[in-house]
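Each chain, letter by letter, is given below.
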Amino acid sequence: DNLNTIANACSSEPDQPSRTRCMQQLIVATGEFHSTNFLTHSGKDRAIEASGGSSTDPYKAIVYFYLDGGLDSYSMLAPHTCSPIDVYGKYRDIRGSIGLPLERLLEIPANNPSQPCSSFGVHEKLPALR
């Protein structure tokens, strides 16, 4: 039922990549999904919150993602091209059979010349993060 609700909300998108991105955004942005992983239909429209205005007080927030096995962060972003230290080789040694092979990583450039990797790899099924 939850999958159908999200899929139906994105069904008007023009193509599959757009529908997938829409569904990802809804899952990430829906408070009910994150707190219980289950949508409860009340039949009522959401109330529009009044703006709280601006504040000069410092603000901190804790963002908690509970993904019940849905995301292995070491398979989301991995070292790719690194020297003189072979960080990717160490990654594969530690991760074993669940470490992603280079050909399954979408390469992205690193922007910090003081670390050994000139590029990292994003999981092939997360091209939006590239």
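(A) Fine view of the sheet that holds strand 1 (residues 77–82). Taking strand neighbours across the sheet as the criterion, the three strands line up as 1-3-2 in an open arrangement whose pairing is antiparallel. Pairing within the sheet leaves two strands with one partner each, and these edge strands are strand 1 and strand 2 (105–109). Sheet twist, expressed as the mean angle between neighbouring strand axes with direction ignored, is 35°.

(B) Molecular detail of the confidence of the model for the chain. Of the residues in the chain, 85% reach a pLDDT of 70 or more, and the chain-wide mean stands at 81. At the low end of the mean pLDDT range in the chain sits helix 3 (residues 31–36), at 53; at the high end sits strand 2, at 93.

(C) A look at the pattern of salt bridges. Taken as a whole and judged by the stated rule, the model has one salt bridge. Between E124 and R104 there is a salt bridge, with the nearest N and O atoms lying 2.7 Å from each other. You can see E124 sitting in the segment after strand 3 (117–123) and its partner R104 sitting in the loop between helix 5 (87–95) and strand 2, a full 20 residues away along the chain. On the basis of relative accessibility, which here comes to 32%, the residue E124 falls in the partly exposed class.

About the cut-offs
- Residue positions are counted from 1 within each chain, in the order its sequence is given.
- Only residues with pLDDT of at least 70 get local features here, since the model is predicted, and only at 80 or more are side-chain atom pairs given and counted; chain-wide, interface and lining totals rely on the full set of residues.
- As a convention, hydrogens and water are excluded, and side-chain values are obtained from all of the structure's heavy atoms.
- By this definition, two strands are paired if DSSP reports at least two bridges between them.
- The secondary structure listing takes helices from DSSP runs of H or I that are at least 4 residues long and strands from runs of E that are at least 2 residues long, numbered from the N terminus.
- Axes here mean lines fitted to C-alpha atoms, for a helix over just the part in contact, with angles spanning 0 to 180 degrees between N-to-C directions.
- Known as pLDDT, the predictor's confidence for each residue is given on a scale from 0 to 100.
- Salt bridge, as applied in this entry: a Lys or Arg side-chain nitrogen positioned within 4 Å of an Asp or Glu carboxyl oxygen.
- Only protein chains enter the area calculation, which uses a 1.4 Å probe; residues under 20% of their type maximum are buried, those over 50% are exposed, and those in between are partly exposed.

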